[in-house]
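Coordinate analysis (summary)
Chain by chain, the residues run as shown.
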Amino acid sequence: MARKKTKKISQLLENFSHKVTQASGTSSAFIIALLVVIIWLLTGPLFQFSDTWQLVINTGTTIVTFLMVFLIQRTQNKDALAIHLKLNEIVAALEGASNRLIDVEDLTEDEIKTLHKHYRRLVEMAKKDIKLTQSHSVEEADVRHNFKHSKHKHDKK
């Protein structure tokens, strides 16, 4: 029962955050925010530009900013996960693609740096080739690179 209630609350939060994220990224949201600032500025003389008058805008913008940071981060986390899943599907489906790149975001920083060095090697080999689109994986690239250089003469311009 508690699990079902938690799931329902989670779904409500999901729907609410999706709607707020969508709405906050519109021109209408910007215009509303701009109007709030303009109204605040116009009321300055009425309140003699008092500390309370300044506190109203400072408090309001701080609260909105504080909440939006978490909302934006939540949305970015979800979007990043979806993009990673799509890329994983592409890597898994492509013949010749290196499966070591599936879930590469879960590797340590040192492991990612090691992979980066391998792919830098691909770039260096590709710069030496006539066609830049012939290499796939590091291992395949080594074999293809050596094969191509043994079979073809490359112009050194």
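Going by the structure above, here's the rest.
Please read these numbers as outputs of a predicted model, since none were measured by experiment.

In this section: a nonpolar patch on the surface. There is a patch of nonpolar side chains on the surface, built from Phe 30, Ile 31, Leu 34, Leu 35, Ile 38, Ile 39 and Leu 42 and spanning about 700 Å² of accessible area. We classify Leu 34 as partly exposed; its relative accessible area is 41%.

Next up on the list: the pattern of salt bridges. Summed over the entire model, instances satisfying the criterion amount to 4 salt bridges. Notably, a salt bridge pairs Glu 14 with Lys 78, separated by 2.4 Å at the nearest N-O pair. A residue pair is termed long-range when its members are at least 10 positions apart, and Glu 14 in helix 1 (residues 2–24) and Lys 78 in helix 3 (residues 51–93) qualify at 64 residues. Note that Lys 113 and Glu 109 form a salt bridge whose closest N and O atoms lie 3.6 Å from each other. Linking Lys 113 with Glu 109, this pair stays in helix 4 (residues 109–128), spanning 4 residues, or about one helical turn. Members of the salt-bridge network, linked through shared partners, are Glu 14, Arg 74 and Lys 78.

Another aspect to go through is helix 4. Between its first and last C-alpha atoms helix 4 spans 29 Å; for 20 residues at 1.5 Å apiece the expected length is 28 Å, and the two agree. What helix 4 keeps buried is the set Leu 115, Leu 122, Met 125 and Ala 126. Relative to the axis of helix 4, the buried residues are bounded by an arc of 105° and lie together on one face. Among the exposed residues of helix 4, those oriented more than 90 degrees off its buried face are Glu 109, Asp 110, Lys 117, Lys 127 and Lys 128.

Calculation rules
- Residues numbered from 1 in each chain as written.
- Predicted model: local features only at pLDDT ≥ 70, side-chain atom pairs only at ≥ 80, totals over all residues.
- Heavy atoms only, no water.
- Patch = residues over 30% accessible without salt bridge, like charges linked within 9 Å, V, L, I, M, F, W, Y side chains within 5 Å.
- Areas by Shrake-Rupley, 256 points an atom, 1.4 Å probe, with all protein chains shown as cover.
- Salt bridge = Lys/Arg side-chain N within 4 Å of Asp/Glu carboxyl O.
- Buried < 20%, exposed > 50% of the residue type's maximum accessible area, 1.4 Å probe, protein only.
- Helix = DSSP H or I, 4+ residues; strand = E, 2+ residues; numbered from the N terminus.
- Expected span 1.5 Å × (residues − 1).
- Arc of directions from axis to C-beta.

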